[in-house]
Amino acid sequence: MKKRNIITSIALAGALCFSSLLPVSAATFENSGIKETQVEKVTYQFMNETQAGKYKLVDTDTLHSWVSKKDKMIIVDTMPAAASYDKQHVPGAINSVAPMKEAEYTPEQKADLTSQVEKLLPNKTVSKTTSKTTWSKVSKKTYSKLKKADRKTKKVKKGKKTVTYYYKKVVKKSTKKTTVKDKSYKIVVYCGHIGCARSHVAAAYLVKQGYTNVYRYGGGISAWVDAGYSIEKVETEQPAQ
């Protein structure tokens, strides 16, 4: 319940951010031109997406501090390149376009996202332990001291006689180290603004693919620019005169 209340509070604060520069009277939006129902719709959309997506949230100032300190992370801008990313994006962000609806997320777009992210992920070494069970012949005396789960017998006919052999279980464990991509690496996904669902679509998809440290930056590039933080753009060559 505590976690849900925190998520709700963050979502409400985020949904209200686009009106922060407008006059507010009696804690309402009557003088701002923004209808309360619009705020409510965006707020609950964001809240529901966050709960369904199972990712974490990051606000503008926190993300700016991460960028300033050059934290190890991958930032993904999900806006269309020509219309937005090329013109302005958070410093260091890569571009992988996502649609506004999860049902419209194409295999090609998903592949583009995971491909770009995988290339930037660091490697980590993990250990995998495997067990192999064998049976070793022992004396009857040793056999009698073993637990039932750790022993067995085998009867073999030799001529007219039946010989009983006694065995104990031997479990051999081996550990093998292997290198894999670190899916706990921090990934921040954003789009245009608090009401834009592109970042939700991409962030939720990454979570489903096993990435465990995914953040959605709800305010997106609009909040970043409003805060006055520096941006990067894609430099295009000007045609020769």
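Residues numbered from 1 in each chain as written. Predicted model: local features only at pLDDT ≥ 70, side-chain atom pairs only at ≥ 80, totals over all residues. Heavy atoms only, no water.

Colleague: Explain the overall build of the protein to me, and be specific about the residues and the numbers.
Modeller: Looking only at helices and strands, the protein features eight helices and eight strands. Looking at the protein alone, contacts between residues at least 24 apart form 67% of all its contacts between residues at least 6 apart. Of the roughly 15,400 Å² of accessible surface on the protein, a fraction of 52% belongs to carbon and sulfur atoms. (Helix = DSSP H or I, 4+ residues; strand = E, 2+ residues; numbered from the N terminus. Contact = heavy atoms within 4.5 Å. Areas by Shrake-Rupley, 256 points an atom, 1.4 Å probe, with all protein chains shown as cover.)

Colleague: Kindly report on the sheet that holds strand 8 (residues 214-217), identifying the contributing residues and their values.
Modeller: Across a sheet, paired strands are connected by hydrogen bonds in the backbone, their directions being either parallel or antiparallel. What the five strands build is an open sheet, ordered 1-8-7-2-3; its pairing is parallel. What marks the edges here is a single partner per strand, and that holds for strand 1 (56-57) and strand 3 (94-95). Examined bridge by bridge, strand 7 (residues 187-190) and strand 8 share four bridges and lie parallel to one another. Across the sheet, residue Val188 finds its bridge partner in strand 8, namely Tyr215. Helix 7 (residues 198-208) rests against strand 7 and strand 8 of the sheet, and its axis sits at about 150° to strand 7. (Pairing = 2+ DSSP bridges. Axes fitted to C-alpha atoms, helices over the stretch in contact; angles between N-to-C directions.)

Colleague: Could you give an account of helix 2 (residues 36-53), naming the residues involved and the relevant values?
Modeller: Here helix 2 is 18 residues long and its end C-alpha atoms lie 26 Å apart, about the 26 Å a rise of 1.5 Å per residue gives. Along helix 2, the positions that sit buried rather than exposed are Val39, Val42, Thr43, Phe46, Met47, Glu49, Thr50 and Gly53. Along the axis of helix 2, the buried positions cluster into a sector of 165°, meaning they face one direction only. Among the exposed residues of helix 2, those oriented more than 90 degrees off its buried face are Thr37, Lys41 and Ala52. (Expected span 1.5 Å × (residues − 1). Buried < 20%, exposed > 50% of the residue type's maximum accessible area, 1.4 Å probe, protein only. Arc of directions from axis to C-beta.)

Colleague: Lay out helix 3 (residues 60-68) in plain terms, naming residues and giving numbers.
Modeller: Within the sequence span of helix 3, burial applies to Thr60, Leu63, Trp66 and Val67. Projected down its long axis, helix 3 shows its buried positions confined to an angular sector of 125°, all on one face. In this structure, the buried side of helix 3 is in contact with strand 2 (74-77), strand 7, strand 8 and helix 8 (220-226). For helix 3, the side-chain oxygen to backbone nitrogen distance between the N-cap and Asp61 is 3.1 Å, and the N-cap itself is Asp59. (Polar contact = N/O pair within 3.5 Å; in protein donor to acceptor, adjacent residues only side chain to side chain.)

Colleague: Before we move on, can you summarise the nonpolar core with the specific residues and values?
Modeller: Core analysis: the largest hydrophobic core is formed by 24 residues, its most contacted members being Ile74, Val76, Leu113, Val117, Ile187 and Val189. Of all the secondary structure elements, the ones that give two or more residues to this core are helix 2, strand 2, helix 5 (107-120), strand 7 and helix 7. Broken down by element, this core gets its largest block of residues, six residues, from helix 7. Among residues more than four places away in sequence, those in contact with Val189 are Val76, Thr78, Ser199, Ala202, Ala203, Leu206, Val214, Tyr215, Arg216 and Tyr217. (Core = buried A, V, L, I, M, F, W, Y, C linked by side-chain atoms within 4.5 Å.)

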